[in-house]
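Descriptive analysis of the structure
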Amino acid sequence: MTIQDDRGAAALARAQGLFNVAGGLWPLLHLQSFEKVFGAKTDRWLERTVAGLLVGIGWTQIRAASTPGGADHARRLGIATAATLLAADLLYVPTGRIRPTYLLDAAAEAMWLRAWRARAVRPEPPSTRGGAAFAAAAALAAGCVTGGVLAARLLRRRRAEPDESELTRARYIRHPAAR
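Procedures and definitions
Residues numbered from 1 in each chain as written. Predicted model: local features only at pLDDT ≥ 70, side-chain atom pairs only at ≥ 80, totals over all residues. Heavy atoms only, no water. Salt bridge = Lys/Arg side-chain N within 4 Å of Asp/Glu carboxyl O. Helix = DSSP H or I, 4+ residues; strand = E, 2+ residues; numbered from the N terminus. Buried < 20%, exposed > 50% of the residue type's maximum accessible area, 1.4 Å probe, protein only. Core = buried A, V, L, I, M, F, W, Y, C linked by side-chain atoms within 4.5 Å. Axes fitted to C-alpha atoms, helices over the stretch in contact; angles between N-to-C directions. Parallel < 35°, antiparallel > 145°, perpendicular 65-115°, else oblique. Contact = heavy atoms within 4.5 Å. Nonpolar A, V, L, I, M, F, W, Y, C, P; charged D, E, K, R; others polar.

1. Some thoughts on the pattern of salt bridges
By the definition in use, this model includes one salt bridge. The salt bridge partner of Arg 44 is Glu 35, with a shortest N-O separation of 2.8 Å.

Shown next, in the form of structure tokens:
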């Protein structure tokens, strides 16, 4: 990798790191809005564990980006994280175990995988560099905008509207697989 490629990989590592930190902090800081978007969970300890792992992974990616060989470490960590989250999203949304809003996360994780794949091509043709930067920017923007829009929309709902909690409990908490 050239110095230019190292800078691009470091920027990608920082971008995905910020995405993972934000995704992990959300349920830790405001569980109510997170569960309104992604559904109530039966095991809060697991929700908090995954959130903490995402914060740790993101922080590691951000810090590794500025160290020698750190971009490669951040790449491996980013690919493993994105692939794992994408697989979980695609496996459990169709079964009804998790809400369809997780497909938004699946799209973002797929974009991170695309960005890292494009970054791994050596030497990178100029068109690939642009694709990797675009995919990284699109994943970061999509995740941030989607999360912000959904959170704002849900927080603006009036209390007078019927509460979805019974439907949520019936479909997502009392799922046959959870028994």
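Here the narrative resumes.
2. Side note on the environment of Ile 79
Tracing the backbone through its elements, the reader meets Ile 79 in helix α4 (residues 70–92). What makes Ile 79 partly exposed here is its relative accessible area of 26%. In this structure, the C-alpha to C-alpha distance between Ile 79 and Leu 113, residues 34 residues apart in sequence, is 5.9 Å.

3. Brief notes about the nonpolar core
Within soluble globular proteins, side chains that are nonpolar tend to cluster in buried spots. If you look at the biggest cluster of nonpolar residues, it comprises 13 residues, and the most contacted ones within it are Leu 12, Ala 13, Phe 19, Ala 65, Ala 74, Trp 112 and Trp 116. Broken down by secondary-structure element, the contributors of at least two residues to this core are α1 (3–29), α4 and α5 (102–120). Considering every element that reaches this core, the biggest residue donor is α1, with five residues. By size, the runner-up hydrophobic cluster in this structure holds six residues, among which are Phe 34, Val 37, Phe 38 and Tyr 102.

4. Describing the packing of helix α2 (residues 31–38) against helix α3 (residues 44–64)
Following both chains from N to C, one finds α2 and α3 inclined at 100 degrees, their axes separated by 13 Å at the closest point. The angle between the axes of α2 and α3 places the two elements in the roughly perpendicular class. Residues Leu 31, Phe 34 and Glu 35 of α2 form the contact with α3, whose own contacting residues are Arg 44, Glu 47 and Arg 48. Considered class by class, the residues forming the contact of α2 with α3 number two nonpolar, no polar and four charged.

5. As for α2
The buried fraction of α2 amounts to six of the eight residues, a majority that puts the element mostly inside the structure. For α2, every residue scored as buried is listed here: Leu 31, Ser 33, Phe 34, Glu 35, Val 37 and Phe 38. In the segment just after α2, Gly 39 is the residue with positive phi, at about 95 degrees.

These results come straight from atomic positions and should not be treated as a statement about function.
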